[in-house]
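# What the coordinates show
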Amino acid sequence: MKIPLFIFMGMVLYGFFLILAFTGSWLAPNDPLLIQMSERLQPPSFTYPLGTDHLGRCILSRIMAGTHTTLGLSTAVIVAVAVIGVPIGFLSGYKGGRIDAWLMRVADGAGALPEFLVAVAVAGFLGPGLWNVLLAIACVKWIAYARIVRGVVQTEREKEYVLASIVSGSSGWTIIRRHLLRQAASPLAILVAGDIGRTILLLSALSYLGLGAQPPAPEWGAMLNDGRPYFQAAPALMLYPGLCILLVVLACNMVSDGLRDTLDVRSKQRGIEI
Amino acid sequence: MSECMQVRHLSKHYARGGKHVIAVDHVSFTIRQGECVGLVGESGSGKSTLVRLLLALEHPDQGEILFQDMSLTRTNRRVLRQLRQHIQVVFQDSTASLNDRLPVWRSVLEPLDNYAHVIPVFFRGVVLSRREQAERLLNIVGLAREHMDRYPHELSGGQRQRVCIARGISLCPQLLICDEPTSSLDVTTQSQILRLLQSLRRQLNMSVLFISHDLAAVAQLCHRMLVMQQGRIVDACKVDELWLAERHPYTKVLVSAAR
């Protein structure tokens, strides 16, 4: 199978962080939560490969442990959102009529609110915390999935291959499974890849504002905030978590853009043989 | 010959942009077993709507369709599914008729996937894998093994239409409805597809409803023909009576236009 170089590089980068998300807290050289005031703001050494922060915690260990929170949760929430949004899109697009109108009004209403604002509002109501933020993101994000699937269903359902499928005895469920899911797969893959990146950015931003992960939990956005007062004296505190966010989001965008360019069976693909 | 399909007083209207358009207006005809009936008429005469009604893709406002004395219009979902096994279709646009994300052999097998218990005559007495079944079906319509794994856009228009025909005959239907199957093809390919349809009809003893605006094609393939104008059947005759003087004026217009 041929995978374009761009997607391949993004996948490798993303895969690296995904592995780190599962093994990070296990591989970490030090306890990411251990506070040692005698060791604060240390430069890189053998014990602390990236130095220590203002409370004497190992930066590398905190970044590795933070991968789990940032990447794992973002990926999980997008998968959950897709699981909610895709069936709603199929229901809305395939049934049409009143169900469609009703569901799309709900989507319009929820979609009118920027997810950042909803997240801040939810944090205000339910208190700050990762799960509340994830809930807020899920409330807004499902709409894009439902819309994409609905759009695909509406353009495809009147095409003759769907009619031919009905004539040859397929039930609505079979048509969704055999035809429409396949048609929706590429726009969905592009959206999922891009959304994981966007969610990581959002999650980090909210944690930076103190609405997401709560101290002392290691999370990249929260680490940026921790390092802010020491930025001039010890830029490493912000540099490394910032770099990680940059790389992961870059990886997601590369995959997403690469998929957009190539997920068309008609286009000729250039890339490396896998 | 016994009756395969009977259509009685079928009507369908649409409300398009506030206007009341009667697409099919009290249409009645019968198709007998093993017979090929041509339906001609210009664009917008209601042919396509009629096809959708006959395939039970839409519900008529009035009238009834009987398929082997069972109603297609007043029936429940289970019976309709059983009847659908016997009525298959080949559409005009072979590109839109195939899912562009499925290799053609999967499209060909779709009807057999849905009716797993049906063993068509060409598979009797042999045990074939799914791919072998697809290969045999494609062979029947003149495609080779090498075409099996291709995607629709990798085939020519004529080849795609052959794939659609293979799908249409895979259940050995009693009635094959061909909705302008040749009108998007070039002249040579047209006549090849017509010859293919003719030989398949004889082999499988199917009834065929052949919809076209090409009188020559209808004359080549069909026993009888119906002429449709503005939603009505204005004329019906045997193909060799087409040039007689007592034909409907509109039929005469079509005949003179075809010359």
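A brief report on the enclosed structure follows. (Residues numbered from 1 in each chain as written. Chains lettered and ligands numbered in written order. Predicted model: local features only at pLDDT ≥ 70, side-chain atom pairs only at ≥ 80, totals over all residues. Heavy atoms only, no water.)

### Some words on unusual backbone geometry
Selection criterion: Strands here mean DSSP runs of E at least two residues long; helices mean DSSP runs of H or I at least four residues long; both are numbered from the N terminus. With a 1.4 Å probe rolled over the protein chains alone, any residue whose accessible area is under 20% of its type maximum counts as buried; one over 50% counts as exposed, and the rest are partly exposed.
The peptide bond linking Pro215(A) to Pro216(A) adopts the cis configuration, its omega dihedral lying at 10 degrees. Structurally, Pro216(A) can be placed in the loop between α7 (172-208) and α8 (220-227). Unusually for a residue other than glycine, His26(B) sits at a positive phi of about 45 degrees. As for its position among the elements, His26(B) is in strand β2 (residues 19-32). Classification of His26(B) as partly exposed rests on a relative accessible area of 43%. Within the chain, Ala56(B) stands out as a residue other than glycine whose phi angle is a positive 60 degrees.

### Brief notes about the pattern of salt bridges
We count it as follows: Whenever Lys or Arg places a side-chain nitrogen within 4 Å of a carboxyl oxygen from Asp or Glu, that contact is recorded as a salt bridge.
Taken as a whole, this structure holds 24 salt bridges over all chains when the rule is applied. Across the salt bridge formed by Glu156(A) and Lys159(A), the nearest N and O atoms sit 3.3 Å from each other. Its salt-bridge partner being Glu180(B), residue Lys47(B) comes within 3.1 Å of it at the nearest N-O pair. One end of the pair, Lys47(B), is in helix α1 (residues 47-54); the other, Glu180(B), is in the loop between β7 (175-179) and α7 (187-204), and 133 residues separate them in sequence. You'll find Lys47(B) and Glu180(B) in the same group, each marked buried. Via salt bridges that share partners, Asp53(A), Arg57(A), Arg62(A) and Asp226(A) belong to a single interconnected network.

### Notes on the pairing of strand β3 (residues 36-40) of chain B
Residue and element names in this part refer to chain B. Stated precisely, the cut-off is as follows: At least two DSSP bridges between two strands are needed for those strands to be called paired.
Burial runs high along β3: 5 of the 5 residues are buried. By the alternation rule, side chains of β3 split into Cys36, Gly38 and Val40 and Val37 and Leu39, which are all buried. In this structure, β3 lies alongside strand β9 (residues 224-229), joined through 4 bridges in parallel fashion. Along β9, the bridge assignment pairs leucine 39 with leucine 226.

### Regarding helix α5 (residues 130-140) of chain B
Residue and element names in this part refer to chain B. Under the convention used in this document: Every residue pair with non-hydrogen atoms within 4.5 Å of one another is taken to be in contact.
By the burial criterion, the buried members of α5 are Gln133, Ala134, Glu135, Leu137 and Leu138. Contact partners of the buried residues in α5: α3 (104-108), α4 (110-114) and α6 (157-169). Once α5 finishes, glycine 142 follows within two positions and takes phi at roughly 90 degrees, a positive value.

### A short note on the packing of α8(A) against helix α9 (residues 236-262) of chain A
Residue and element names in this part refer to chain A. Rules: Think of each axis as a best-fit line through the C-alpha atoms, taken over the contacting stretch in the case of a helix, with angles from 0 to 180 degrees between the N-to-C directions. An angle below 35 degrees is treated as roughly parallel, one above 145 as roughly antiparallel, one from 65 to 115 as roughly perpendicular, and anything else as oblique. Definitions for this section: a left-handed crossing has its near helix turned counterclockwise from the far helix by less than a right angle. A right-handed crossing has that turn clockwise. Throughout, the ten residues Ala, Val, Leu, Ile, Met, Phe, Trp, Tyr, Cys and Pro are labelled nonpolar, Asp, Glu, Lys and Arg are labelled charged, and all others, Gly among them, are labelled polar.
Where α8 contacts α9, the axes come no closer than 8 Å and their chain directions differ by 150 degrees. Viewed along their axes, α8 and α9 adopt a mutual orientation that is roughly antiparallel. Remark: the crossing between α8 and α9 carries left-handed chirality. Across from Trp220, Gly221, Met223, Leu224 and Gly227 in α8, the residues of α9 making contact are Leu237, Met238, Pro241, Gly242, Cys244, Ile245 and Val248. Here the contact of α8 with α9 is built from residues that sort into 9 nonpolar, 3 polar and no charged.

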